[in-house]
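In case you want the letters, here they are:
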Amino acid sequence: MGVTIRFIWGFPLLICLLPLLNNFDGRDGGAMASHKLHFVEHTENLVEVKQVYRTGYHFQPKKNWINDPNAPMYYKGLYHLFYQYNPKGAVWGNIVWAHSVSTDLINWIPLEHAIVPSKPFDKYGCWSGSATILPGNKPVIIYTGIVKQKPEPGYQVQNYAIPANYSDPYLRKWIKPDNNPIIKPIHQNVSSFRDPTTAWFNKGHWKLVIGSKNNYRGIAYLYRSRDFIKWTKAKHPFHTKSDVGMWECPDFFPVSSKGTNGLDTSAIGGDVKYVFKASLDMTRFDYYTIGTYDLVKDKYIPDNTSVDGWAGLRYDYGNFYASKTFFDPIKKRRILTGWANESSTTSEDIAKGWAGIHLIPRKVWLDPSGNKLLQWPVVELDKLRGQKIQLSYTKLNKGDTIEIKGIVVAQADVDVTFTFSSLEKAELYDEKWDKFPPENLAKSICGIKGATVQGGLGPFGLLTLASSKLEEYTPVFFRIFKTVQNKHRVLLCSDATPSSLNQNEYKPSFGGFVDVDLAEKKLSLRSLIDHSVVESFAEGGKTVISSRIYPTLAVGEHAHLHVFNNGSEIITIVRLNAWSMNTAHIN
Ligand code: DQQ
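Conventions adopted
Sequence order as written defines residue numbering, which begins from 1 separately in each chain. Local features in this predicted model are restricted to residues of pLDDT 70 or higher, and side-chain atom pairs are both shown and tallied only at a pLDDT of 80 or more, whereas totals for entire chains, interfaces and linings draw on every residue. Working from all heavy atoms in the structure, the side-chain values ignore hydrogens and water. Each helix is a run of H or I in the DSSP string that is no shorter than four residues. Each strand is a run of E no shorter than two, and both are numbered from the N terminus. What the globule rule says is 2.2 Å times the number of residues to the power 0.38, and the radius of gyration is computed from C-alpha atoms. Residue exposure (1.4 Å probe, protein chains only): buried if accessible area is under 20% of the type maximum, exposed if over 50%, otherwise partly exposed. By the convention used here, residues are in contact when the closest approach between their heavy atoms is within 4.5 Å. In these tables, accessible area is a Shrake-Rupley quantity obtained with a 1.4 Å probe, and a residue counts as shielded only by the protein chains included in the view. The charge count treats Lys and Arg as positive and Asp and Glu as negative. His and the chain ends do not count. For this purpose, a charge sits on NZ of Lys, CZ of Arg, CG of Asp or CD of Glu. For the purposes of this section, nonpolar cores are sets of buried Ala, Val, Leu, Ile, Met, Phe, Trp, Tyr and Cys residues that join through side-chain atoms within 4.5 Å. If even one non-hydrogen atom of a residue comes within 4 Å of a molecule or strand, that residue is called near it. Counted as a polar contact is a pair of N or O atoms within 3.5 Å, where, for protein atoms, one must be capable of donating a hydrogen and the other of accepting one, and residues adjacent in sequence contribute only when both atoms are in side chains. In this count, Pro and Cys sit with the nonpolar residues alongside Ala, Val, Leu, Ile, Met, Phe, Trp and Tyr, while Asp, Glu, Lys and Arg are called charged and the others, Gly among them, polar. A strand pair is defined by DSSP finding two or more bridges across the two strands. Helix axes are fitted only over the stretch in contact, all axes being lines through C-alpha atoms; the angle between N-to-C directions runs from 0 to 180 degrees. Cysteine sulfur pairs qualify as disulfides if the two atoms are within 2.5 Å. Any pair of Phe, Tyr and Trp rings, taking the six-membered ring for Trp, is counted once the centres come within 6.5 Å. Such a pair is stacked with planes under 30 degrees apart, edge-to-face with planes over 60 apart, and tilted for the rest. Any Lys NZ or Arg CZ that is within 6 Å of a ring centre and within 35 degrees of that ring's normal is treated as a charge sitting over the ring. UniProt positions are given in the numbering used here, feature names are shortened, and annotations may be inferred rather than shown by experiment. Between Lys or Arg on one side and Asp or Glu on the other, a salt bridge is scored when a side-chain nitrogen of the former is within 4 Å of a carboxyl oxygen of the latter. Just so you know, the domain bounds were taken from an automatic or database domain assignment. Put simply, buried area is the surface a 1.4 Å probe can reach on two separate parts but cannot reach once they are joined, added for both.

### Topic: the overall build of the protein
Consideration 1: Looking only at helices and strands, the protein features 2 helices and 40 strands.
Consideration 2: A compact globule built from 587 residues should have a C-alpha radius of gyration of about 25 Å, and the protein, at 24 Å, falls within 12% of that.
Consideration 3: With the C-alpha coordinates aligned to their principal axes, the bounding extent of the protein is approximately 75 × 60 × 40 Å.
Consideration 4: The buried share of the protein, taken over its 587 residues, is 63%.
Consideration 5: For the protein, restricting intrachain contacts to residue pairs at least 6 apart in sequence, the fraction spanning at least 24 positions comes to 64%.
Consideration 6: Of the accessible surface of the protein, which amounts to about 22400 Å², a share of 53% is contributed by carbon and sulfur atoms.
Consideration 7: Counting 68 positive and 55 negative side-chain charges, the protein places the averaged centre of each group 5 Å from the other.

Here is the structure:
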């Protein structure tokens, strides 16, 4: 039997005989992470480090520091991913463009570094940038070069690099021509002028934007070029917003208002909306708006249904930054990839010899409402699914937990749909909460109303990476509120507060609201659990939260997974599918 009902948090034990359907599909899960002992040079001593936090199927290099994804693209049968990388250690610095290729966006082969500081125009760093595929299938990269260390964080220019050999599908060698830099700052803010986007083409020009700021105003400067070499700054920024701070890693792309297919970055037309995303240096999260592209003024205009500012929509309400999208011409989809930093301390990162992962690439498309994006892990991830367990029509009374056994839960993919018969018991939404800064509202409520705080309709969801006696667990759960206007607000929380007995880690109670119609009285949740990361998708990708966690007890085979309900309304698991995930071949 793969399932047990347990008693937690001192609630009355209610055991019901449930129609449980355990379905092992017979394939070998084989999903253990590497628990090898590595010796890492740490000050003068050799420190023995147990590698329990390395991920089994998330992108990371063998060792050292990794941050932003750069220039993702498809070329001649291969997906290319470059990334900011420190070849010398597990902290940020000495940044080069490392390079990996893949046929499926999940398994990756490392190649030699593509772009490294070597010329006067990038002597102090090769920072983030993007790829554009020019006519004739000719990729070109534009990236930020640091030419002087002062003023901090460095004097920034934009350079281009081209493949040495277009017939090599691996694009192993990149040339940085001597006519670089191609864009120099022509305003005061020389140290806040970086991260060029993929270029798009219209009205006889290539266009791209560069992230910047003026005091607390975020600015996306627009540049135009006919030949991709000579670039001219447009009179007006492409987009700008007060009180947000520096815009790093801007991204601009079209989305179709019909269906889920992606569009090439240059697409224009009737059924097209646009997305502008900025990474907020001050708050360290990515937010986006949906809007229109005024071709006459060459400007982006957010819709008035999109909040343009810190309280705007986020791809991910957790640990996610410096993301970038690209158009996959083969599967006609737009793919989003983002960086999840560690929540451990710098000295712990140095001791384990690495820091940073990338989250699973996600397909992104416009929600039929037209006011937000939907995201879903690329379908190729499903190929890693191994041993499976399934539950159907299983009731969870208040205080019940059901343990999911029979799979490797520290490296798993869990997909569950919950239902309830009434919205009556939804707790009253406390209007005092509206005094929280709007960008922190959901997170603040998740902090107050954790998984152990009994509710009406919820909390219910998953207890991931739990230790045997629940000394540690990372709950991912829904809680439904009713406002005085009798409207319902659905909250998704991914709460790292109880995730680890290690007091040194950053353990936020991440949260995001889920904009969902509750008419069907159903909510779905998919969580990708991978040793030190839990990436959760609510309602088919309407709200996504990724948490980095470092349990001390709930590691490897000592980790447990439960489904739980701690609300007075009975919750039914309509269906739960959970798989062990095989380890991907990554770098
Ligand atoms: N990371 C890069 C910058 C970018 C920042 C430097 C965002 O180009 O603004 O590693 O994480």
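Now that the structure is up, let's keep going.
### Regarding the environment of Trp65
Consideration 1: As for its placement among the helices and strands, Trp65 is situated in strand 4 (residues 64-75).
Consideration 2: We classify Trp65 as buried; its relative accessible area is 9%.
Consideration 3: Between the C-alpha atoms of Trp65 and Leu263, which are 198 residues apart in sequence, the distance is 33 Å.
Consideration 4: In contact with Trp65, other than residues within four places in its own chain, are Gln84, Tyr85, Asn86, Gly89, Ala90, Val91, Trp92, Ile95, Trp339, Asn341 and Ala355.

### Brief notes about the nonpolar core
Consideration 1: One finds Phe418 and Phe478 to be the most contacted residues of the largest nonpolar core, which totals 45 residues.
Consideration 2: In terms of nonpolar packing, the next biggest core, distinct from the first, is built from 25 residues, Tyr74, Tyr79, Leu81 and Leu528 among them.

### Here's the deal with the site of the ligand
Consideration 1: In the neighbourhood of the ligand, 13 residues make up the surrounding shell, with Asp68, Gln84, Trp92, Arg194 and Asp195 lying closest.
Consideration 2: Contacts to the ligand include Trp92, whose side-chain N or O atom sits 3.0 Å from an oxygen atom.
Consideration 3: Measuring from an oxygen atom of the ligand, one finds a side-chain N or O atom of Glu248 at 3.0 Å.
Consideration 4: Coverage of the ligand by the protein amounts to 95% of the 310 Å² it exposes when considered alone.
Consideration 5: When contributions to the shell around the ligand are tallied by element, the ones reaching two or more residues are strand 4, strand 8 (126-134) and strand 22 (321-328).
Consideration 6: For the shell around the ligand, the residue count by class is 5 nonpolar, 3 polar and 5 charged.

### Digging into the sheet that holds strand 9 (residues 138-148)
Consideration 1: Strand order across the open sheet formed by 4 strands is 8-9-10-11, with antiparallel pairing between neighbours. Either end of the sheet is taken by a strand with one partner, and the two such strands are strand 8 and strand 11 (174-175).
Consideration 2: Direction of pairing for strand 8 relative to strand 9: antiparallel, over a ladder of 8 bridges. Of the residues in strand 9, the one forming a bridge with Gly129 is Tyr143.

### Some words on the sheet that holds strand 18 (residues 247-256)
Hydrogen bonds between backbone groups are what pair the strands of a sheet, and the pairing can be parallel or antiparallel.
Consideration 1: Ordered by their spatial adjacency, 4 strands build an open sheet running 18-19-20-21, and the pairing between neighbours is antiparallel. Each edge of the open sheet carries a strand with a single partner, namely strand 18 and strand 21 (299-302). When strand polarity is set aside, the average angle formed by the axes of neighbouring strands in this sheet is 40°.
Consideration 2: Sheet topology places strand 18 next to strand 19 (residues 272-280); 8 bridges connect them, and they run antiparallel. The partner of Pro254 across the bridge, within strand 19, is Tyr274.

### Here's the deal with the state of the cysteines
Consideration 1: Evaluation of the coordinates by the stated rule reveals 1 disulfide.
Consideration 2: Disulfide partner of Cys446: Cys493, at an S-S distance of 2.1 Å. Taking the torsion about the sulfur-sulfur bond, which here is approximately -85°, the covalent link between Cys446 and Cys493 counts as left-handed. In this pair, Cys446 is assigned in helix 2 (residues 441-448) and Cys493 in strand 34 (residues 488-495), connecting sequence segments 47 residues apart. Accessibility classification places Cys446 together with Cys493 in one group, the buried group.
Consideration 3: Unpaired in terms of disulfides, Cys126 finds its nearest cysteine sulfur in Cys249, a separation of 15 Å.
Consideration 4: For Cys249, a relative accessible area of 2% translates into the label buried.

### Quick look at the pairing of strand 34
Consideration 1: Buried residues dominate strand 34, accounting for 6 of its 8 residues.
Consideration 2: The pairing of strand 33 (residues 474-482) with strand 34 spans 7 bridges and is classified as antiparallel. Residue Arg479 lies in a different strand from strand 34, and its bridge partner there is Leu491.
Consideration 3: The hairpin turn running from strand 33 into strand 34, its antiparallel successor, is 5 residues long, and Asn486 in that turn takes a positive phi close to 65°.
Consideration 4: Sheet topology places strand 34 next to strand 35 (residues 509-514); 6 bridges connect them, and they run antiparallel. Looking at the pairing, Asp495 lines up with Ser509 of strand 35.

### Considering the environment of Gln156
Consideration 1: If you trace the backbone, Gln156 turns up in strand 10 (residues 155-163).
Consideration 2: It is 7.2 Å that separates the C-alpha atoms of Gln156 and Ser192, two residues lying 36 residues apart in sequence.
Consideration 3: A distance of 3.3 Å separates a polar atom in the side chain of Gln156 from the backbone oxygen of Gly154.

### Examining the packing of aromatic side chains
Consideration 1: Scanning the model with the defined rule gives 39 aromatic pairs in all.
Consideration 2: Grouping aromatic residues by their ring pairs yields a cluster made of Trp200, Phe238, Trp247, Phe252, Tyr274, Phe276, Tyr293 and Tyr300.
Consideration 3: Residue placement shows Arg385 over the ring face of Trp579; its charged tip is 3.6 Å from the ring centre.
Consideration 4: The ring of Phe513 is capped by Arg489, whose NZ or CZ atom sits 4.0 Å from the centre of that ring.

### As for the UniProt feature "domain: Glycosyl hydrolase family 32 N-terminal" (unreviewed entry) in the protein
Consideration 1: Residues annotated in UniProt with the feature "domain: Glycosyl hydrolase family 32 N-terminal" (unreviewed entry) correspond here to residues 58-377.
Consideration 2: Its end C-alpha atoms 12 Å apart, residues 58-377 is made of 2% helix and 49% strand.

### Examining the pattern of salt bridges
Consideration 1: Under the defined criterion, the tally for this structure stands at 30 salt bridges.
Consideration 2: Across the salt bridge formed by Lys277 and Asp286, the nearest N and O atoms sit 3.5 Å from each other.
Consideration 3: Assessed through its relative accessible area of 0%, Lys277 is described here as buried.
Consideration 4: Taking relative accessible area as the criterion, Asp286 reaches 2% and is therefore assigned buried.
Consideration 5: A single network of salt bridges, built from pairs that share partners, joins Arg194, Glu248, Asp281 and Arg284.

### A look at the domain arrangement of the protein
Consideration 1: Domain assignment breaks the protein into domain 1 (3-10 + 384-581) and domain 2 (197-323).
Consideration 2: Between the C-alpha centres of domain 1 and domain 2 there is a distance of 33 Å.
Consideration 3: Taken residue by residue, the interface counts 10 residues in domain 1 and 9 residues in domain 2.
Consideration 4: Area buried by domain 1 at its contact with domain 2 is led by Glu439, Val544 and Ser546, which between them contribute 56% of it.
Consideration 5: If you look at where domain 1 meets domain 2, you find 0 salt bridges.
Consideration 6: Scanning the region where domain 1 abuts domain 2 turns up 4 residue pairs in polar contact (both at pLDDT 80 or more).
Consideration 7: With 5 residues, the top contributor of residues to the side of domain 1 that touches domain 2 is strand 38 (residues 543-548).
Consideration 8: Looking at the side of domain 1 that touches domain 2, its residues break down into 4 nonpolar, 4 polar and 2 charged.

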